[in-house]
Amino acid sequence: MSEPLHQIGPARAYAGGVTVRVIRAGWFRPDAGGFFGVVPKPLWSRLVETDDRGRLLCRLNLLLIEAGGKRILVETGTGSRMTDKDRDIKGIEGGEPVAALRAVDVDPASIDFVVVSHLHYDHAGGMLGPDGQPSFPNARYVIQRDEAEAAHGDELRLQGVMEVEQLDAIRAARLLAEVSGEVELVDGVRVLRTGGHTRGSQAVLIGAEKGGGRAGDPSERAIFWGDLIPTRWQIPVRWTSAYDDYPIEAIEVRNELVSRAAAEGWWCYFTHDPGALPVRIEATDRGGFRATE
Ligand SMILES: [Zn+2]
């Protein structure tokens, strides 16, 4: 692998004095058939190649957002609590968020909020460190209430899939901030429940709706999609993954948000995209959408 395991990108400024950097926390190789779900291979294989085990080379991308004197980390990677067999099947290298932050000189103790898009292992697996203690002891962990309830529900599909133990440990440590719907964390940074991928999946909306008001202030906005759109390859709104628990809802909410992103020029951050971020989305003349640099 020529790219280093851990990297931090340049800071980008958004409306309201918000800055965002991408932290690459390692590699992740999801099964291509599962990742593309209903999409026939002749279509997706035009976009991306697989390895000899039928897997895609993806990233574990975290965001470091700074706004209003606060530091917000988005996602916690896989952490280090998976079995070696699981790490091998899923092609995980790295994945530990504290190691990733330290590697790029960000102090984990300086994080004020940790936004977890949903409770699957590759997003919530690093809420706790190898020692079982919270990875970010000074942070509030922001999770949608619907997601926390689904994790504790009795749906067979979810058994063993959600990071329930880690959720409970964060709650016991009094670091859990359960939210519902659209909630502003600090000026210019909001979480938004999207559902679709999981019951309480959330995206992050970045940039104040009104800019700073002074000439030269950045006026742009951005979105972090979580697994509602894991990479730029999945922008076509009907391309539901086999891991989407609520595919009809996923298509509807993707269509609504992708349309807004294209119309309003939002910059897009994708949680598993291996390419340069952010990108924008544009409407095509055939009624669809695609990524544009
Ligand atoms: Zn994921």
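Preceding this section is the structure that the text describes.
About the thresholds
Residues numbered from 1 in each chain as written. Predicted model: local features only at pLDDT ≥ 70, side-chain atom pairs only at ≥ 80, totals over all residues. Heavy atoms only, no water. Salt bridge = Lys/Arg side-chain N within 4 Å of Asp/Glu carboxyl O. Helix = DSSP H or I, 4+ residues; strand = E, 2+ residues; numbered from the N terminus. Buried < 20%, exposed > 50% of the residue type's maximum accessible area, 1.4 Å probe, protein only. Contact = heavy atoms within 4.5 Å. Pairing = 2+ DSSP bridges. Axes fitted to C-alpha atoms, helices over the stretch in contact; angles between N-to-C directions. Donors = N, O, S within 2.8 Å, 3.2 Å for Na, K, Ca; no water. Tetrahedral: all angles 85-135°; square planar, octahedral: opposite > 155°, others 65-115°. Polar contact = N/O pair within 3.5 Å; in protein donor to acceptor, adjacent residues only side chain to side chain. Arc of directions from axis to C-beta.

Student: For this particular structure, what's the right way to read the pattern of salt bridges?
Tutor: All chains considered together, the criterion is met by 21 salt bridges. In this structure, Asp244 and Arg254 form a salt bridge, with 3.6 Å as the shortest nitrogen-oxygen distance. With Asp244 in the loop between strand 13 (222-224) and helix 8 (247-264) and Arg254 in helix 8, this residue pair connects regions lying ten residues apart in the sequence. Judged by relative accessible area, which is 1%, Arg254 ranks as buried. With its nearest N and O atoms 3.5 Å apart, the salt bridge here joins Glu264 to Arg260. With Glu264 and Arg260 both in helix 8 and four residues apart, the pair spans about one turn of that helix.

Student: Please explain the environment of Val106 as it appears in this structure.
Tutor: Checked against the element boundaries, Val106 lands in the loop between helix 4 (97-103) and strand 7 (113-115). Overall, the relative accessible area of 4% leaves Val106 in the buried class. Each C-alpha atom of the pair Val106 and Gly26 lies 16 Å from the other, and the pair is 80 residues apart in sequence. In this structure Val106 touches Ile8, Leu64, Arg71, Leu101 and Ile111, once residues within four positions along its chain are discounted.

Student: Before we go on, may I ask you to explain the sheet that holds strand 15 (residues 279-283) in this structure?
Tutor: What holds strands together in a sheet is hydrogen bonding between their backbones, with the strands either parallel or antiparallel. If you walk across this open sheet you meet the seven strands as 10-11-12-13-14-15-16, and the pairing is mixed. Lying at the two open borders of the sheet, with one neighbouring strand each, are strand 10 (182-186) and strand 16 (289-292). Averaged over all adjacent pairs, the angle separating strand axes in this sheet is 30°, with direction ignored. As judged from the four bridges shared by strand 15 and strand 16, these two strands associate in the antiparallel manner. For Ile281, the partnering residue across the bridge sits in strand 16 and is Ala291. Sitting on the sheet, helix 8 is in contact with strand 11 (189-193), strand 15 and strand 16, with an inclination near 100° to strand 15.

Student: Would you take a moment to explain the coordination of the zinc ion for this structure?
Tutor: Octahedral metal centres with six donors ideally show angles of 90 or 180 degrees, and tetrahedral centres with four donors ideally show 109.5 degrees. Protein coordination at the zinc ion: the donors are Asp122 (OD), His123 (NE2), Asp227 (OD) and His272 (NE2), at 2.0 to 2.3 Å from the metal. Each of the four donor atoms around the zinc ion contributes to a set of angles spanning 81 to 153°, which defines the coordination as irregular. Along the chain, the residues that donate to the zinc ion are spaced as D-H-x103-D-x44-H. Here His123, found in helix 5 (residues 121-124), pairs with Asp227, found in the loop between strand 13 and helix 8; they are 104 residues apart in sequence, far enough to count as distant. Owing to a relative accessible area of 8%, Asp227 belongs among the buried residues under this scheme.

Student: Sorry if this is basic, but what is going on with the side chain of Gln234 here?
Tutor: Inspection of the secondary structure puts Gln234 in the loop between strand 13 and helix 8. Accessibility expressed as a relative area gives 2% for Gln234, which makes it buried. Of the polar contacts made by the side chain of Gln234, one reaches the backbone oxygen of Phe35; its length is 3.4 Å.

Student: Help me understand helix 7 (residues 164-172) in this model?
Tutor: Counting along an α-helix, one turn takes 3.6 residues, and residues three or four places apart therefore face a common direction. Listed in full, the buried residues belonging to helix 7 are Gln166, Leu167 and Ile170. Relative to the axis of helix 7, the buried residues are bounded by an arc of 105° and lie together on one face. Exposed positions of helix 7 whose direction lies more than 90 degrees from the buried face are Glu165 and Ala172. As for helix 7, its buried residues are in contact with helix 5, strand 8 (140-144), helix 6 (145-151) and strand 9 (176-179). Immediately beyond the C-terminal end of helix 7, within one or two residues, lies Arg174, with a positive phi of roughly 60°.

Student: What exactly am I supposed to notice about the pairing of strand 15 here?
Tutor: Each regular strand carries side chains that alternate between the two faces of the sheet. Sheet topology note: the strand 14 (residues 267-269)/strand 15 ladder contains two bridges and is antiparallel. When the sheet's bridge partners are listed, Trp267 is paired in strand 15 with Arg280.

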